Protein chains: 4
Amino acid sequence: MAFQPQNPDYRAFIEQIFRAQPFMMALGAALERIEPGETEISLQIRPDHLQHGGTVHGGVIVALADNGAAAATLLPPGQAVVTAEYRISFLAPAVGHTLLARGTVLRPGRSLIHTKSDVIAVADNREILVATALGSMVPFAFNKP
Amino acid sequence: MAFQPQNPDYRAFIEQIFRAQPFMMALGAALERIEPGETEISLQIRPDHLQHGGTVHGGVIVALADNGAAAATLLPPGQAVVTAEYRISFLAPAVGHTLLARGTVLRPGRSLIHTKSDVIAVADNREILVATALGSMVPFAFNKP
Amino acid sequence: MAFQPQNPDYRAFIEQIFRAQPFMMALGAALERIEPGETEISLQIRPDHLQHGGTVHGGVIVALADNGAAAATLLPPGQAVVTAEYRISFLAPAVGHTLLARGTVLRPGRSLIHTKSDVIAVADNREILVATALGSMVPFAFNKP
Amino acid sequence: MAFQPQNPDYRAFIEQIFRAQPFMMALGAALERIEPGETEISLQIRPDHLQHGGTVHGGVIVALADNGAAAATLLPPGQAVVTAEYRISFLAPAVGHTLLARGTVLRPGRSLIHTKSDVIAVADNREILVATALGSMVPFAFNKP
């Protein structure tokens, strides 16, 4: 579906919000792509991202899958989003050198934005879908000085 | 509901698994309580747990809410669990000095264990329910020598 | 949690909406209780509610669990709700003579209302929790003359 | 993804199970397509499927979305599935003359099968995605004489 952004500066806005999240910076996540209704976030897998079995911890996968950025591409200026809820299905163990989280808006609404997200593990030249998620985001007006 | 543990050493087993998870150790999470079908995990909130708005990032909340530990209290010896999926509802902004995640088994089964989890933010002497989750865990036999 | 209704006629409003739903009437569902932030719906189990194994079909359970009524108790006059999404966990086979669905508001918001619901099967004098659900509802203003 | 059925008679098995569900028959649902890991179910919309606003009731949509049939195409002989849980997002009001539910297996496992489902409303010559769902199914051996 082709979406029309309402904020001409949506890319700069999302990059700024992203870099202002200490937890995403501590994980080492990076924004790879920002399009209307779509974002891609990457993560170079490190030892401190793992669980006891040597695969990436679910909390890390969820942090990438959570679709605030994709939803935020479609907001008017002066609004941000908060995650209301999501559901994630873990389909395969996350092993490899890189995780990619591709977020997509399913349906933008004024009071609720439905999103989905696929998380892919890249190992050598293989991509494996390790998780898929459905979420909903609530837009709100943030305080301007 | 009162559950009967099948592994007499379930407490030691869960403590061992928990400490073997680099991501939980990097976050600073601690096991506070282990009972049959119930666990409590605590986290002292640090600046690197936050998102841009100053509240705890959803990925951190989910990492605590994910109910492997509660499900694992009811496993027979030689089994572990993997999270199949979960759904989390974010009810209030997570602010305060400490998060507590209380995991509970709703229904233990041989092929699937249904769990729920409440995440509470403690600020001063007030406890606020910030998230509630439903999940399912799949038991599996791990490598025995 | 004690909630304060904003619409003095919330009971009449919910009864009217409930009776106006042909699918709920076709199933034979009945409203048993309406309190601020809480409702109970009952269903006398009939042969056409079942699936092949003789237990109540998941679609019937979900129809009862869907929490519009509980959320609607807290709306101001002139608003209704639409279900944005929900997640249901099936905990036990639904057998017996009656199903009871107890809906509760977890957190009412202006743009989103978080709800939960438990569905109980009554057989003889035993109550069994057969499903538990988390959902979210979006309030909207309906057409006024 | 291309899946290999383990039961040579999977089509006959699914048709038999489907017709043995009184609730699906009462709704008027029909199996349109059965392929390995994929099914399509159709429903001609009737007045008794509706809610008060004139759109199809969520319980009907969920009854179609619930992916037992898609999961069952990949079972070995002598096994059936039970739905453990699912999550459904309602994306648009369901209006039109027909609903189509397209179920797909995301990942088949011996103890858990991850599925997804899209529900489409057909009106005139337009198809609208009205709901999308993620679910999990647990295989079990059924009693043979």
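In what follows, the accompanying structure is described.

Rules and cut-offs
Counting of residues starts from 1 at the beginning of each chain's written sequence and follows it residue by residue. Each chain gets a letter, beginning with A, and each ligand a number, beginning with 1, in the order they are written. The predicted nature of this model means local features are confined to residues of pLDDT at least 70 and side-chain atom pairs, given and counted, to a pLDDT of 80 or more, with totals for whole chains, interfaces and linings taken over all residues. For helices the rule is a DSSP run of H or I covering at least 4 residues; for strands it is a run of E covering at least 2, with both sets numbered from the N terminus onward. To assign burial, the other C-beta atoms lying within 10 Å of each residue's own C-beta are counted, with C-beta atoms placed from the backbone; 20 or more indicates buried, 12 or fewer indicates exposed, and intermediate counts indicate partly exposed. C-beta atoms are placed from the backbone for every residue, and two residues are taken to be in contact when these atoms lie within 7 Å. Here the copies were fitted onto each other by least squares, based on C-alpha atoms from residues at pLDDT of at least 70 in both. Pairing between strands requires that DSSP locate at least two bridges from one strand to the other. Fitted lines through C-alpha atoms serve as axes, helices being fitted only where they are in contact, and the angles separating the N-to-C directions of these axes extend from 0 to 180 degrees. Here the arc refers to the set of directions running from the helix axis out to each C-beta atom. Residue polarity follows a fixed list, in which Ala, Val, Leu, Ile, Met, Phe, Trp, Tyr, Cys and Pro are nonpolar, Asp, Glu, Lys and Arg are charged, and the others, Gly among them, are polar. Crossing chirality is assigned from the near helix's rotation relative to the far helix, an anticlockwise turn below a right angle marking it left-handed and a clockwise turn marking it right-handed. Each nonpolar core consists of buried Ala, Val, Leu, Ile, Met, Phe, Trp, Tyr and Cys residues. Their C-beta atoms, within 7 Å, join them into a set.

### Quick look at the overall build of chain A
Phase 1 of the analysis: The secondary structure content of chain A amounts to four helices and six strands.
Phase 2 of the analysis: Viewed in the frame of its principal axes, chain A has a C-alpha envelope of about 45 × 30 × 25 Å.
Phase 3 of the analysis: Expressed as a percentage of the 145 residues in chain A, the buried residues total 50%.
Phase 4 of the analysis: Here the contacts in chain A between residues at least 6 apart in sequence split such that 66% fall between residues at least 24 apart.

### Here's the deal with the relation of the copies chain B and chain C
Two copies of a chain can be linked by a rotation about an axis combined with a shift along that same axis.
Phase 1 of the analysis: When chain B is brought onto chain C, the operation consists of a screw motion whose angular component is 180° and whose axial shift is 0.0 Å, with 0.0 Å RMSD remaining. Viewed as a symmetry operation, the transformation between the two copies matches a two-fold axis. By C-alpha distance to the rotation axis, the residue of chain B lying nearest is B:Arg87, at 3.6 Å.
Phase 2 of the analysis: When the interface residues of chain B are mapped onto chain C, 100% of them again lie at the interface, so the same face is used by both copies.

### Here's the deal with the sheet that holds strand S1 (residues 29–35) of chain A
Phase 1 of the analysis: Strand order across the open sheet formed by twelve strands is S1(A)-S2(A)-S4(A)-S5(A)-S6(A)-S3(A)-S3(B)-S6(B)-S5(B)-S4(B)-S2(B)-S1(B), with antiparallel pairing between neighbours. Here the strands that pair on one side only, and so sit at the sheet edges, are S1 of chain A together with strand S1 (29–35) of chain B. Along the sheet, successive strands turn relative to each other by an average axial angle of 25°, direction set aside.
Phase 2 of the analysis: As paired strands, strand S3 (residues 79–90) of chain A and strand S6 (residues 126–141) of chain A are joined by eleven bridges and run antiparallel to one another. Bridge pairing in S6(A) links A:Phe90 to A:Ala131.

### Observations concerning the environment of B:Gly135
Residues and elements named next belong to chain B.
Phase 1 of the analysis: Mapping Gly 135 onto the fold places it in strand S6 (residues 126–141).
Phase 2 of the analysis: Taking the C-alpha atoms as reference, Gly 135 lies 12 Å from Asp 118; in sequence the two are 17 residues apart.
Phase 3 of the analysis: Among residues more than four places away in sequence, those in contact with Gly 135 are Asp 66, Asn 67, Thr 83, Glu 85, Tyr 86, Thr 115 and Ser 117.

### Structural notes on helix H1 (residues 10–19) of chain A
Residues and elements named next belong to chain A.
Phase 1 of the analysis: Here H1 has its buried residues at Phe 13, Ile 14 and Phe 18. Take H1 and look down its axis: the buried residues cluster within an arc of 130°, on one side only. Of the residues in H1, the exposed ones pointing more than 90 degrees away from the buried face are Ala 12 and Gln 16.
Phase 2 of the analysis: Contact partners of the buried residues in H1: helix H2 (22–27), S1 and helix H4 (68–72).

### Here we look at the relation of the copies chain B and chain A
Phase 1 of the analysis: Screw-axis analysis of chain B against chain A gives a translation of 0.0 Å along the axis, an RMSD of 0.0 Å, and a rotation angle of 180°.
Phase 2 of the analysis: In this assembly, 100% of the residues forming the interface of chain B have copies in chain A that are likewise at the interface, indicating an isologous arrangement.

### Looking at unusual backbone geometry
Residues and elements named next belong to chain C.
Phase 1 of the analysis: One non-glycine residue, Asp 124, lies in positive phi territory at about 55°.
Phase 2 of the analysis: Relative to the assigned elements, Asp 124 resides in the loop between strand S5 (113–123) and strand S6 (126–141).
Phase 3 of the analysis: Classification of Asp 124 as exposed rests on a count of 7 C-beta atoms within 10 Å.

### Observations concerning the sheet that holds strand S2 (residues 38–44) of chain C
Phase 1 of the analysis: Spatially, S1(C)-S2(C)-S4(C)-S5(C)-S6(C)-S3(C)-S3(D)-S6(D)-S5(D)-S4(D)-S2(D)-S1(D) is the arrangement adopted by the twelve strands of the open sheet, whose pairing is antiparallel. Only two strands of the sheet have a single neighbouring strand rather than two, namely strand S1 (29–35) of chain C together with strand S1 (29–35) of chain D. When strand polarity is set aside, the average angle formed by the axes of neighbouring strands in this sheet is 25°.
Phase 2 of the analysis: Across eleven bridges, the pairing between S5(C) and S6(C) is antiparallel. Bridge assignment links C:Val119 to a residue of S6(C), and that residue is C:Ala131.

### Re the interface of chain B and chain A
Phase 1 of the analysis: Between chain B and chain A, the contact holds 27 residues from the first and 27 residues from the second.
Phase 2 of the analysis: Going through the elements one at a time, helix H2 (22–27), helix H3 (58–65) and strand S3 (79–90) of chain B are the ones with two or more residues in the side of chain B that touches chain A.
Phase 3 of the analysis: For the side of chain B that touches chain A, the element with the most residues is S3(B), which contributes eight residues.
Phase 4 of the analysis: Broken down by class, the residue content of the side of chain B that touches chain A amounts to 14 nonpolar, nine polar and four charged.
Phase 5 of the analysis: With five bridges connecting them, S3(A) and S3(B) associate as antiparallel partners. Paired with A:Ser89 across the strands is B:Glu85, a residue of S3(B).

### Comments concerning the interface of chain B and chain C
Phase 1 of the analysis: Tallying the contact residues gives nine residues for chain B and nine residues for chain C.
Phase 2 of the analysis: For the side of chain B that touches chain C, the secondary-structure elements that each account for two or more residues are S3, strand S4 (98–108) and S6 of chain B.
Phase 3 of the analysis: Residue composition of the side of chain B that touches chain C, by class: four nonpolar, three polar and two charged.

### Remarks on the packing of helix H3 (residues 58–65) of chain A against H3(B)
Phase 1 of the analysis: Where H3(A) contacts H3(B), the two axes come as close as 8 Å, and the packing angle between them is 145°. Here H3(A) and H3(B) pass one another in a crossing that is right-handed. Across the interface between the two elements, A:Gly59, A:Val60, A:Val62 and A:Ala63 from H3(A) touch B:Gly59, B:Val60, B:Val62 and B:Ala63 from H3(B).
Phase 2 of the analysis: Here the contact of H3(A) with H3(B) is composed, by residue class, of six nonpolar, two polar and no charged.

### Concerning the environment of A:Leu74
Residue and element names in this part refer to chain A.
Phase 1 of the analysis: Structurally, the position occupied by Leu 74 is in the loop between H4 and S3.
Phase 2 of the analysis: Sequence separation between Leu 74 and Pro 5 is 69 residues; the distance between their C-alpha atoms is 4.8 Å.
Phase 3 of the analysis: Once residues within four sequence positions are removed from consideration, Leu 74 is found in contact with Phe 3, Pro 5, Gln 6, Pro 36, Gly 37, Val 105 and Pro 108.

### Considerations on the nonpolar core
Phase 1 of the analysis: Residues A:Leu64, B:Leu64, C:Leu64 and D:Leu64 are the most contacted members of the largest nonpolar core, which totals 184 residues.
Phase 2 of the analysis: If near-sequence neighbours (up to four positions away) are discounted, B:Leu64 is found in contact with B:Ala29, B:Ile41, B:Leu43, B:Leu99, B:Ala101 and B:Val119.

### What about the environment of C:Ile120?
All names here are of chain C.
Phase 1 of the analysis: Examined against the element boundaries, Ile 120 turns out to sit in strand S5.
Phase 2 of the analysis: Each C-alpha atom of the pair Ile 120 and Thr 98 lies 8.3 Å from the other, and the pair is 22 residues apart in sequence.
Phase 3 of the analysis: Setting aside anything within four residues of it in sequence, one finds Ile 120 in contact with Leu 100, Glu 127, Ile 128, Leu 129 and Val 130.

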